[in-house]
Amino acid sequence: DGDVYKYYADGEWKKSSSNKSVAIINPTTRKTQYKVQACSQEEVNKVIDSAKSAQKLWAKTPLWKRAELLHKAAAILKENKAPIAECLVKEIAKPAKDAVTEVVRSGDLISYCAEEGVRILGEGKFLVSDSFPGNERTKYCLTSKIPLGVVLAIPPFNYPVNLAVSKIAPALIAGNSIVLKPPTQGAVSALHMVHCFHLAGFPKGLISCVTGKGSEIGDFLTLHPGVNCISFTGGDTGIAISKKAGMIPLQMELGGKDACIVLEDADLDLVAANIIKGGFSYSGQRCTAVKVVLVMESVADALVEKVKAKVAKLSVGPPENDSDITPVVSESSANFIEGLVLDAKQKGATFCQEYKREGNLIWPLLLDNVRPDMRIAWEEPFGPVLPVIRISSVEEGIHHCNASNFGLQGCVFTKDINKAMLISDAMETGTVQINSAPARGPDHFPFQGIKDSGIGSQGITNSINMMTKIKTTVINLP
Ligand code: G3H
């Protein structure tokens, strides 16, 4: 039936033989916006078979040609930013301007990947044997980076286009094939993005996009013996995937509880601006969002006042209007956020604004005087609700940050660079930002979480390297 978006396999758009579809609920209207195919396990098998054979030829395609196709896909993606952004607005309620930014950023990421790939992969190493004790110069060793095979890419709902291409582009430039399983919310945006790769003219079967229910094809994909690498971004599911996956390289970016530590000498206007941007952009639905403010008691009143004034100016409404705060992705997500808010209320947090919710739309809320016994001190709301914990020493702040089971990013605000460096060293997170809110980009910077926030490092260079293995050839001289 024409209402259901087709999935992409063997260079064609296909209808699933399951005759089942998955509904995508618009977070704003809470009505079905789109439907996608519910692919079967048999269809997944076929896709992986095609990916396997297409990859063999692709690995032999000259690197410059692979780069050329990626540049083409990047250009087509950017040309089509408007319709793709429109899908992002409808599927995940991303504010209109941010949706366009996501697509443009994705095009830039693909091009950068192509450029970086030809450099990194265009080089190998040459070693000689006589540096190791007991050896003469009788062995020459040549190393190069070769592809892994089939890469399974599983991006999350919050960047269905950008966090898909951040896996697809490095995989392809390195000579791998791609099987993409988009999130349900965001699947149609992802299918449009895949269409841009289709138009660029990549070989059949090299890229495929299977949609469907996690319960039906999720484990089947991640446990599939034909998959040689998994790159996943999302929540706890990533921990389950890691525990079950076979002996293949994994790249996982999971949740975060990014702390913002504010010292007494910090520029409070700068801090407040970064708390707003870091804590409330896309309604807090970013793994790198500021998720807890740890502020020195002596400047806490002043900071809270400044943040409150800025929260009052945030526009709240539908994503089509480019509102700052838009409905969160689903009703269950809104219910979870509400649970954290009610728990904090019951345990005596100070509400800087009145708590207000209509459907999936939650008004921005700053909770002051949060204490460690409240769930929101530790859990990730993934919504526009931000706790403030007042600290009496920097050590207390570092301690709170390190007691978290997450370790994605963190930030520290101070004018004293020596203190900032010491605090950065002490924070057990993949990245620490000095005097700015956490963020993944620019996209060639290394990006990694520790503890429950993930394994492996991303960023363009690291992802290209991660999606290759080292091959050596040794020439033995007589
Ligand atoms: O949600 C997780 C993303 O990797 C965060 O990316 O810092 O660009 O928003 P961002």
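Residues numbered from 1 in each chain as written. Predicted model: local features only at pLDDT ≥ 70, side-chain atom pairs only at ≥ 80, totals over all residues. Heavy atoms only, no water.

Novice: Pulling in residues and values, what's your account of the sheet that holds strand 5 (residues 32-37)?
Specialist: Strands sit in the order 1-5-4 across an open sheet of 3 strands; the sheet is mixed. Looking at strand neighbours, the two that pair on one side only are strand 1 (4-5) and strand 4 (21-25), the edges of this open sheet. Two elements, strand 1 and strand 5, share 2 bridges in a ladder whose sense is parallel. Bridge assignment links V4 to a residue of strand 5, and that residue is K35. In this fold helix 3 (residues 81-92) packs onto strand 4 and strand 5, with an angle of close to 105° to the strand it touches most, strand 5. Relative to strand 5, helix 6 (residues 187-200) is tilted by about 55°, and along the sheet it contacts strand 1, strand 4 and strand 5. (Pairing = 2+ DSSP bridges. Helix = DSSP H or I, 4+ residues; strand = E, 2+ residues; numbered from the N terminus. Contact = heavy atoms within 4.5 Å. Axes fitted to C-alpha atoms, helices over the stretch in contact; angles between N-to-C directions.)

Novice: How would you explain the state of the cysteines if you had to name every residue and give the values?
Specialist: For the coordinates displayed, the defined rule picks out 0 disulfides. No disulfide involves C260; its sulfur sits 3.7 Å from that of C411, the nearest cysteine. Owing to a relative accessible area of 0%, C260 belongs among the buried residues under this scheme. (Disulfide = S-S within 2.5 Å. Buried < 20%, exposed > 50% of the residue type's maximum accessible area, 1.4 Å probe, protein only.)

Novice: Outline the nonpolar core, supporting the account with residue identities and numerical values.
Specialist: In terms of nonpolar packing, the biggest core is built from 66 residues, with L70, L172, I178, L180, M193, F197 and F202 touching the most fellow members. Here the element with the most residues in this core is helix 6; it accounts for 9 residues. When near neighbours in sequence (up to four residues on either side) are disregarded, L70 contacts I110, A114, A169, L172, I173, F197 and F202. Grouped together as the second largest cluster of nonpolar side chains are 58 residues, C352, I391, F413 and I423 included. (Core = buried A, V, L, I, M, F, W, Y, C linked by side-chain atoms within 4.5 Å.)

Novice: I'd like a description of the packing of helix 4 (residues 96-121) against helix 5 (residues 162-173), backed by residues and values.
Specialist: Where helix 4 meets helix 5, the axes come as close as 9 Å, and the angle between the chain directions of the two elements is 20°. One element, helix 4, and the other, helix 5, form an angle in the roughly parallel class. Crossing handedness for the pair helix 4 and helix 5: right-handed. Side by side, helix 4 and helix 5 meet where E102, R105, S106, L109, I110, C113, A114, G117 and L121 of the first sit next to N162, V165, S166, A169, P170 and I173 of the second. Its residues assigned to classes, the contact of helix 4 with helix 5 comprises 9 nonpolar, 4 polar and 2 charged. (Parallel < 35°, antiparallel > 145°, perpendicular 65-115°, else oblique. Left-handed = near helix turned anticlockwise from the far one by under 90°. Nonpolar A, V, L, I, M, F, W, Y, C, P; charged D, E, K, R; others polar.)

Novice: Describe the site of the ligand, and please don't skip the residues or the numbers.
Specialist: Lining the immediate environment of the ligand, one finds R105, N158, Y159, L163, E253, R286, C287, T288, A439, R440 and F447. Here an oxygen atom of the ligand sits 3.2 Å away from a polar atom, N or O, in the side chain of E253. In the environment of the ligand, an oxygen atom lies 2.6 Å from a nitrogen or oxygen atom belonging to the side chain of R286. Compared with its free state, where it exposes 310 Å², the ligand has 96% of that area covered by protein. In terms of residue class, the shell around the ligand is built from 5 nonpolar, 2 polar and 4 charged. (Near = heavy atom within 4 Å. Polar contact = N/O pair within 3.5 Å; in protein donor to acceptor, adjacent residues only side chain to side chain. Areas by Shrake-Rupley, 256 points an atom, 1.4 Å probe, with all protein chains shown as cover.)

Novice: Go over helix 2 (residues 63-79), please, and point to the residues and values.
Specialist: With 17 residues, helix 2 extends 25 Å from end C-alpha to end C-alpha; this agrees with the ideal 24 Å at 1.5 Å per step. Residues of helix 2 that are buried include every one of L63, R66, A67, L69, L70, A73, A74, I76 and L77, and no others. Close packing links the buried residues of helix 2 with helix 1 (41-60), helix 3, helix 4, helix 5 and helix 6. (Expected span 1.5 Å × (residues − 1).)

Novice: Describe in detail the packing of helix 2 against helix 4, supporting the description with residues and values.
Specialist: Between helix 2 and helix 4, whose axes approach to 8 Å, the crossing angle comes to 170°. By the angle between their directions, the pair helix 2 and helix 4 is classed as roughly antiparallel. Contact with helix 2, carried on its side by L63, W64, A67, L70, H71, A74, L77 and K78, involves V103, V104, S106, G107, D108, I110, S111, A114, E115, G117, V118 and L121 of helix 4 and no other residues of that element.

Novice: I'd love a proper account of the packing of aromatic side chains, names of residues and values included.
Specialist: As enumerated under the stated definition, the model contains 6 aromatic pairs in all. Measuring from ring centre to ring centre gives 5.3 Å for F126 and Y140, while their planes differ by 70°; the resulting arrangement is edge-to-face. Placement of F126 in strand 6 (residues 125-128) and of Y140 in strand 7 (residues 139-147) is noted, with a sequence separation of 14 residues between them. Judged by its relative accessible area of 27%, Y140 falls in the partly exposed class. Relative to F382, the ring of F157 has its centre 6.0 Å away and its plane inclined at 75°; by these criteria the two rings are edge-to-face. With F157 in the loop between strand 8 (150-154) and helix 5 and F382 in the loop between strand 18 (365-368) and strand 19 (385-391), this pair connects stretches of sequence that are 225 residues apart. Accessibility expressed as a relative area gives 19% for F157, which makes it buried. Among the aromatic residues, ring-to-ring pairing joins W58, F197 and F202 into one connected group. Above the face of the Y282 ring, K94 is positioned so that its terminal group lies 4.9 Å from the ring centre. (Phe/Tyr/Trp six-rings, centres within 6.5 Å; stacked < 30°, edge-to-face > 60°. Lys NZ or Arg CZ within 6 Å of the ring centre and 35° of its normal.)

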